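Topology and contacts: notes
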Amino acid sequence: MIELLERADPAKDLDADRGRLRGKVDERIGLSAPLRPPAIARIRKPWLIAVASFAAVIAVAVPVALRTDSPSVFAPSLDGLAAHPGVQAAVPLASGGLQAMDAEDDTIWVMTTLQNVLQEVSAESGEVEATFSIDARVEGLVIGGGRLWLISPDNGGEVLRFDPERGAVDLTIPVEGVPGWAGWLGDSIWVSRDQADVIRISTEGEIVDTVPGELKGGEGLGYLWVSDPDTDLISSLSEAEQLGDMVIPTEPGLETMSGSGIRQVAEADGRLFLLDGDHPWGTNLNVFDPDSSEFGAFASLTFGLLDLIEFDGYLWVTSSSDHLLIRIDPTSGEQHRYPLPGKPAGLVVADDALWVTLYQPGALIRLDTRADLIESSPIVADDWNRFPHRLLCTGSGDAGGPTIILQPSDWIDYGSWSVIQAELSGEGHIVCANGYVEGETTPKQQAADLEEALTEADIPGPYLLVAAVDGVHSARLFAAGADDLAGIVLVDPMPVGFQGFYDDLLPDLAGHPPWLDLDAELSESLDDLGDLPLTVIEQDPNAVFLSPGFVEGFGREAAESVDAYWQRGLAFYRGLSSSSRSVIANGTGLDMVTWDQPDLVIEQVLELLRR
Amino acid sequence: MSERSALELTEPPGVRFDHLFEANYSAIYRYCARRLGRSDAEDAAADVFTVAWRRLDDMPEGDARRAWLFAVAHHVVGGQYRSRERRSRLSTRLEQTTDPNNEHLELAGDIDNLLTALDGLSRTDQELLRLSSWDGLTRTEIAHVLGIKENAVDQRLHRARNRLKLRFDRLDSEASSPTHKETPA
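Residues numbered from 1 in each chain as written. Chains lettered and ligands numbered in written order. Predicted model: local features only at pLDDT ≥ 70, side-chain atom pairs only at ≥ 80, totals over all residues. Heavy atoms only, no water.

Glancing now at the overall build of chain A. Along chain A, the regular secondary structure elements total 13 helices and 36 strands. Here chain A holds 611 residues, and the buried ones make up 59% of them. A fraction of 57% describes how many contacts in chain A between residues 6 or more apart in sequence connect residues 24 or more apart. About 23300 Å² of surface is accessible on chain A, with carbon and sulfur atoms providing 47% of the total. (Helix = DSSP H or I, 4+ residues; strand = E, 2+ residues; numbered from the N terminus. Buried < 20%, exposed > 50% of the residue type's maximum accessible area, 1.4 Å probe, protein only. Contact = heavy atoms within 4.5 Å. Areas by Shrake-Rupley, 256 points an atom, 1.4 Å probe, with all protein chains shown as cover.)

Here it is as structure tokens:
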């Protein structure tokens, strides 16, 4: 295949006209023509980032590592979370970029990366005990030696030592390289650097030594674990800096992934389990038996695997793409999958319970793992091996009625529907979450892909479309080509042209994709759906564009202008059908309805089914 | 700093730029042609070297220069590429399929299917495969151009190749199926 691809190179025999090209270059240099600016990286949802940024400014405009009163002015409502089965407590945190957490006894520390906020949470009371502003981007957090160790890529890589008693960073240790995983072993913190070596730092902040290899997350069998970049084998790293007491034969060629692909390790049942974070085809949980030195495949999970820990006799893994907590029996390999009420970012054990941080919405939840958690329904179809996008269909279909399609948007990918999907599947409906595993796409492409996937997976119509935010565009295009549509539910739909309007209003924040001509994309969609049942779930303007944070950040005039544009868009959507109705998701919006009020979405879908 | 790079820095900017141009113009031109088609490649390549001239002092030393130059090309082409994507696909396909010297029709069919399969991949997958197989960049260079870690290059390339093969196999089986219908010309 690679050889054929090389032969397919359309330019392999192409020669530049050197003289003419050089002439053009000289002409441009000589004329001092203004430079073409480099393409602006696409910023998804600039208004969301803007609001988060203003929230951050308001929240953390204080000196380094001083306690702050409020973590975020844009903390979402957590009504939906608290009501979720198995959730014993939901702690609102600063929203955006929860990437680092660790726990000791009954204290949990969470670093919210985008807002540079460090928070101390009592696992006993479920309350935020303290909030600190950290003047650095922190991507890792380790507790050890009575201190917190904050891992930052700033200034060429550094480790910040944080004293929880004083509530301050009291030492900055340059590590001169890009830091990766970090762990505590013995009396030192060990930090991976440049994926090439591991540095050992004493509690006094001195770099004691370095050992070759790339550190993995977690620990097991009394060791940290590193992969050797030369051999791609994983070996143990002892407290005495001894490498290779145990070497795991993770070489390529086995069914399992190579050492460099292993993300985290955990010990259970006297064996070491190794998680491959991003290996979509095949096994991504492997096992090493120290007694027999055998290494092999253990379980195939899903995409976007984040964390692996042992608790209560089971292995627990989070999936950031599917929004799942997966429980695995380390003996039998039996799996149970629990939809999480948000996008997970971190997983720790504290106060004899599992705690998960949710990237969206910004929250920390305590799970009762012995309770009756929602069990995902049987999988009807999962086409992940055939498309770059994914169609995950669940449910028995016993309830009859149309197949419910959950259509993605930029920030509401298929995992974002996990709770809604599980609940509706539980009602006996077949529910398909549609979404892209990676890569950019367009509404037209999404609509075509959905049609193709439904055909290939043989998912029967009629269909009820549920689309969120800018997923409404692809839903309208799909509707235009479908003759067996039972209805549409639009969740917080984004008006056509809103992104361009927003960019014009606030050009400094412009980030719309220049390659996407939305008018052309939507030219085949319908402006009149006849009397097709339609429900529009609208965001609460007072919670979004007219909220205090937005008004303070952009000014009242701009805020009202943005809201007026949005309202006109909603009126357009309501007018698509003569059989439409609308409800307002009080207190929420801006991509957050599915997180804050999943019950409302479920209720409206069921209502439309009854109509 | 190596002896060679120290020497290079003492050379006048014009001479340094000449070296850079001579060593890389062909590769950069082909890079642009693969993504924009032949007609726009020259202008895009000229833009790349114009940026290089203006940022000559920012340029890294030694082997990293090539990756730096490709990263500039990646940015320059990016803006044009997206708006002209369909046209460029057409032009690069035409350049390939109208090769009068191609005597191996079966191979030509495979290549046509492969290019169709490539077109169907995500933009990221396409770019990874092109950088690796067509532009001949190393994993380190690809990581620099795309701004990702080297390990991620390996993993993503692995996945991109798998996806390419899946799409190619599907096209291949459709083509060989007796129920396959030819699209009228």
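Alright, that's what it looks like, and here's the rest.
What chain B contains, in helices and strands, is nine helices and zero strands. In chain B, the succession of helices and strands from N to C terminus is α-α-α-α-α-α-α-α-α. Per-residue burial for chain B yields a buried fraction of 47% across its 185 residues. Put simply, 66% of the contacts in chain B that link residues at least 6 apart link residues at least 24 apart. Of the roughly 9200 Å² of accessible surface on chain B, 50% is carried by carbon and sulfur atoms.

This part takes up unusual backbone geometry. Outside of glycine, negative phi angles account for most residues, and trans bonds account for most peptide bonds. Residues and elements named next belong to chain A. In this structure, the amide linkage connecting Gly461 to the following residue, Pro462, adopts the cis form with an omega of -5°. If you trace the backbone, Pro462 turns up in the loop between helix 6 (443-456) and strand 33 (463-468). Positive phi, normally seen in glycine, also occurs at Asn155, with a value near 50°. If you trace the backbone, Asn155 turns up in the loop between strand 7 (147-152) and strand 8 (158-163).

Residues and elements named next belong to chain B. Counting all residues, the mean pLDDT for chain B is 72, and 72% of those residues have values of 70 or more. Predicted confidence for residues 1-9 stays below pLDDT 50, and this span has seven contacts to residues more than four positions away or in other chains. Note that residues 81-103 has pLDDT below 50 and, in this model, 38 contacts with residues that lie over four places away or in other chains. Scored by ipTM, the complex comes to 0.80, with pTM at 0.63. (pLDDT = per-residue confidence, 0-100.)

So, on to helix 7 (residues 123-134) of chain B. All names here are of chain B. Taking 1.5 Å as the rise per residue, helix 7 with 12 residues should run 16 Å; its terminal C-alpha atoms sit 15 Å apart, in good agreement. By the criterion of burial, helix 7 is predominantly enclosed, with 11 of the 12 residues buried. Following helix 7 by one or two positions, Gly136 adopts a phi angle in the positive range, close to 65°. (Expected span 1.5 Å × (residues − 1).)

This part takes up the pairing of strand 12 (residues 197-202) of chain A. Residue and element names in this part refer to chain A. Most of strand 12 is tucked away, with six of its six residues classed as buried. Side chains Asp197, Ile199 and Ile201 of strand 12 all project onto a buried face; the interleaved residues Val198, Arg200 and Ser202 project onto the opposite face, where all are buried too. Pairing analysis gives six bridges linking strand 11 (residues 188-193) to strand 12, with the strands arranged antiparallel. When the bridges of strand 12 are listed, Ser188 appears paired with Ser202. Note: strand 12 against strand 13 (residues 207-212), five bridges, orientation antiparallel. Looking at the pairing, Ile199 lines up with Thr210 of strand 13. Once strand 12 ends, the chain turns through four residues before running back antiparallel as strand 13, passing Gly205 with a positive phi of about 90°. (Pairing = 2+ DSSP bridges.)

Now for the pattern of salt bridges. In a structure, side chains of opposite charge can pair up when their charged atoms sit close to one another. Using the criterion set out here, one finds 28 salt bridges over all chains in the structure. With its nearest N and O atoms 2.7 Å apart, the salt bridge here joins Arg35 of chain B to Asp135 of chain B. Pair noted here: Arg35 of chain B is in helix 2 (residues 13-36) and Asp135 of chain B is in the loop between helix 7 and helix 8 (139-146), with a separation of 100 residues, a long-range link. Accessibility assignment for this pair places Arg35 of chain B and Asp135 of chain B in one class, buried. Among the charged side chains, a salt-bridge network with shared partners connects Asp9 of chain A together with Arg34, Arg35, Glu127 and Asp135 of chain B. (Salt bridge = Lys/Arg side-chain N within 4 Å of Asp/Glu carboxyl O.)

A few words on the sheet that holds strand 7 of chain A. The strands that make up a sheet pair up through hydrogen bonds in the backbone, lying either parallel or antiparallel. Residues and elements named next belong to chain A. With respect to topology, four strands assemble into an open sheet ordered 6-7-8-9, the strand pairing being antiparallel. Where the open sheet ends on each side, the last strands, each with one partner, are strand 6 (140-144) and strand 9 (168-174). The mean angle between the axes of side-by-side strands here comes to 25°, regardless of whether they run parallel or antiparallel. Here strand 7 pairs with strand 8 via five bridges, running antiparallel. The residue bridging Ser152 from the neighbouring strand is Glu158, located in strand 8. (Axes fitted to C-alpha atoms, helices over the stretch in contact; angles between N-to-C directions.)

Here the focus is the sheet that holds strand 24 (residues 324-328) of chain A. Residues and elements named next belong to chain A. Pairing in this open sheet of four strands is antiparallel, and the strands run 22-23-24-25 from one edge to the other. A strand with exactly one partner marks an edge of an open sheet, and here the two such strands are strand 22 (305-311) and strand 25 (335-339). Sheet twist, expressed as the mean angle between neighbouring strand axes with direction ignored, is 20°. Pairing geometry for strand 23 (residues 314-319) and strand 24, over five bridges, is antiparallel. Following the sheet pairing, Thr318 is matched in strand 24 by Leu325.

All right, on to the state of the cysteines then. Residue and element names in this part refer to chain A. Under the defined criterion, the tally for this structure stands at one disulfide over all chains. Paired by a disulfide, Cys393 and Cys432 hold their sulfur atoms 2.2 Å apart. Here Cys393 and Cys432 share a disulfide; its torsion about the S-S bond, 110°, makes the bridge right-handed. Of this pair, Cys393 sits in strand 30 (residues 389-394) while Cys432 sits in strand 32 (residues 431-436), and the two are 39 residues apart along the sequence. On the accessibility criterion, Cys393 (0% relative accessible area) is buried. (Disulfide = S-S within 2.5 Å.)

Because an α-helix completes one turn every 3.6 residues, residues spaced three or four positions apart along the sequence face the same direction. For helix 13 (residues 598-610) of chain A, built from 13 residues, the straight-helix expectation of 18 Å at 1.5 Å per residue is met to within 8% by its first-to-last C-alpha distance of 19 Å. Listing the buried residues of helix 13 of chain A in full gives Pro598, Leu600, Val601, Ile602, Gln604, Val605, Leu606, Glu607 and Leu608 of chain A.

Residues and elements named next belong to chain A. The predicted model of chain A has a mean per-residue pLDDT of 80, with 82% of residues at 70 or higher. Residue range residues 31-76 is modelled with pLDDT below 50. Its contacts to residues more than four positions away, or to other chains, number 103 contacts. Here residues 253-257 is modelled with pLDDT under 50, and outside its nearest four sequence neighbours on either side it reaches 13 contacts, counting other chains as well.

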